[in-house]
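Examination of the molecular architecture
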Amino acid sequence: MFELLQEQLFQLALVAALLVGLCAPAVGTFIVQRRLSLLGDGIGHVALTGVALGFLTGTAPVLTAVIVSIAGAVAIELVRARGRTSGDVALALLFYGGIAGGVMLMGIAPGGSTAKLNSYLFGAIASVTVEDIWIIGALAAAVIAVVLIFGRELFVLCQDEEMAKASGLPVRFLSLLIAVTAALTVVIAMRVVGLLLVSALMVIPVATSQQLTRGFRTTMGLAMLFGVLASVGGLLASTYSAKVPPGAAIVLLALAGFVLALGVGKFVRRGRTQESTLSERPQLRVEEIA
């Protein structure tokens, strides 16, 4: 293990895994609370078009993915807010248009190939470069800053949009802020778990945390911890076995954590129910016993 830490390739992959493990569940907490768990999938498909556009124009695919992802996230939020098209239909439009646009642009891009596309679809954490780390770090800092600065307002919005409006909060701005932050998170995670699996790392750690706690802040904190454990664990599994894809290993570890938390959560809730039942029973007085 100590020898691995001395290798630059592993160091870069580890930093990327840590950043993704922190950011994805942090944003995912708001998305899950607002019942938009598939938003990450929709943005991921749009980001594929951005990646292909980068290869077509000869620019950095990560930067073009950021631009296209933000545009797609804003579009879906505006469509959802106007109410003319339901949220699931708008997400479906992103799914189909994003994947089709990415495949078509990659096909006509100079030097474009399916292998290059697959590295973004399923992740290629072993190929992360220093430049990628700088970009991922900057995007991660922006995501964490949004969570820290607007966390309270976003919580109110996700709990009850009508209450947020009545409280005078800028609901439209906050809704767009969630969508844009989710887009940035997708781009951050695409080099680690891939665009097709990025939504899993945004949702599963949050669902795992919800099995063990009730408070919003505690849920987010535990979700970020579970995200880091799954990301680093999947990276180590792929490092020690070249046949294990890192993206799939990360998601499967997160799923295993959810199954474990599901069992532990049921046990804890059963204990709480029994304690509350006992506490509600009438206590006998000493005079009554006599």
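Residues numbered from 1 in each chain as written. Predicted model: local features only at pLDDT ≥ 70, side-chain atom pairs only at ≥ 80, totals over all residues. Heavy atoms only, no water.

**Things to note about the packing of aromatic side chains**
Tallying each qualifying case throughout the model produces three aromatic pairs. Ring centres of Phe150 and Phe173 lie 5.9 Å apart, and the angle between their planes is 65°; this geometry places the pair in the edge-to-face category. Of the two residues, Phe150 sits in helix H7 (residues 130–159) while Phe173 sits in helix H9 (residues 171–189), which places them 23 residues apart along the sequence. For Phe150, a relative accessible area of 25% gives the class partly exposed. (Phe/Tyr/Trp six-rings, centres within 6.5 Å; stacked < 30°, edge-to-face > 60°. Helix = DSSP H or I, 4+ residues; strand = E, 2+ residues; numbered from the N terminus. Buried < 20%, exposed > 50% of the residue type's maximum accessible area, 1.4 Å probe, protein only.)

**As for the UniProt feature "transmembrane region" (unreviewed entry) in the protein chain**
Those places that UniProt annotates as "transmembrane region" (unreviewed entry) correspond, in this numbering, to residues 12–32, 52–79, 91–113, 133–151, 163–182, 188–208, 220–242 and 248–268. Annotated as residues 12–32, this span is 100% helix and 0% strand, and its ends, taken at the C-alpha atoms, are 30 Å apart. Taken as a whole, residues 188–208 contains 62% helix and 0% strand, while its terminal C-alpha atoms sit 22 Å from one another. (UniProt positions renumbered as here; feature names shortened; annotations may be inferred.)

**A look at the packing of H7 against H9**
At their nearest, the axes of H7 and H9 sit 9 Å apart, and the two run at 145° to each other. The handedness of the crossing between H7 and H9 is left-handed. Here Ile136, Leu139, Ala140, Ala142, Val143, Val146, Phe150, Glu153, Leu154, Leu157 and Cys158 of H7 lie close against H9, whose contacting residues are Val171, Phe173, Leu174, Ser175, Leu177, Ile178, Thr181, Leu184, Thr185, Val187 and Ile188. Among the residues forming the contact of H7 with H9, the class breakdown is 18 nonpolar, three polar and one charged. (Axes fitted to C-alpha atoms, helices over the stretch in contact; angles between N-to-C directions. Left-handed = near helix turned anticlockwise from the far one by under 90°. Contact = heavy atoms within 4.5 Å. Nonpolar A, V, L, I, M, F, W, Y, C, P; charged D, E, K, R; others polar.)

**Overview of empty space enclosed by the protein**
Per the stated rule, a full pass over the model turns up two cavities of 30 Å³ or more. Looking at the second largest cavity, the residues that line it are Val27, Phe30, Val146, Val147, Leu154, Leu177, Ile178 and Thr181. Elements represented by at least two residues in the lining of the second largest cavity include exactly helix H2 (8–33), H7 and H9. When grouped by side-chain class, the residues that make up the lining of the second largest cavity number seven nonpolar, one polar and no charged. (1 Å grid on protein atoms, 1.4 Å probe; cavity = no way out; pocket = protein on both sides within 12 Å on 5 of 7 lines; lining within 4 Å. Points joined across faces, edges and corners; volume = space filled by probe spheres on them.)

**Remarks on a nonpolar patch on the surface**
Taken together, the side chains of Leu212, Leu260 and Val264 define a hydrophobic patch exposed on the protein surface, amounting to about 250 Å² of accessible area. Classification of Leu212 as partly exposed rests on a relative accessible area of 32%. (Patch = residues over 30% accessible without salt bridge, like charges linked within 9 Å, V, L, I, M, F, W, Y side chains within 5 Å. Areas by Shrake-Rupley, 256 points an atom, 1.4 Å probe, with all protein chains shown as cover. Salt bridge = Lys/Arg side-chain N within 4 Å of Asp/Glu carboxyl O.)

**Observations regarding the environment of Ile250**
With respect to the helices and strands, the residue Ile250 is situated in helix H12 (residues 246–280). Accessibility expressed as a relative area gives 0% for Ile250, which makes it buried. Note: C-alpha distance between Ile250 and Val228 (22 residues apart in sequence) is 9.7 Å. Filtering out sequence-adjacent residues up to four positions away, Ile250 remains in contact with Val192, Val193, Leu201, Ala230, Ser231, Gly234 and Leu235.

**Thoughts on the packing of helix H10 (residues 198–210) against helix H11 (residues 216–240)**
Taken N-terminus to C-terminus, the directions of H10 and H11 make an angle of 125°; their axes are 8 Å apart at the nearest point. As summarised for this structure, H10 and H11 are arranged oblique, according to the angle between their axes. Crossing hand, H10 versus H11: right-handed. Contacts between H10 and H11 involve Leu201, Pro205, Val206, Thr208, Ser209 and Gln210 on the former and, on the latter, Thr218, Thr219, Leu222, Ala223, Phe226, Gly227 and Ser231. Residue classes in the contact of H10 with H11 are distributed as six nonpolar, seven polar and no charged. (Parallel < 35°, antiparallel > 145°, perpendicular 65-115°, else oblique.)

**Let's talk about H10**
Here H10 is 13 residues long and its end C-alpha atoms lie 19 Å apart, about the 18 Å a rise of 1.5 Å per residue gives. In terms of residue burial, H10 counts as a mostly covered element, since eleven of its 13 residues are buried. Taken together, the buried positions of H10 are occupied by Val198, Ser199, Ala200, Leu201, Met202, Val203, Ile204, Pro205, Val206, Thr208 and Ser209. (Expected span 1.5 Å × (residues − 1).)

**Description of helix H3 (residues 39–57)**
End to end, H3 covers 27 Å across 19 residues, agreeing with the expected 27 Å (1.5 Å per residue, within 8%). For H3, a buried count of 15 out of 19 residues is recorded, marking the element as mostly surrounded by other parts of the structure. Gly58 sits one or two positions beyond H3 and adopts a positive phi of about 75°.

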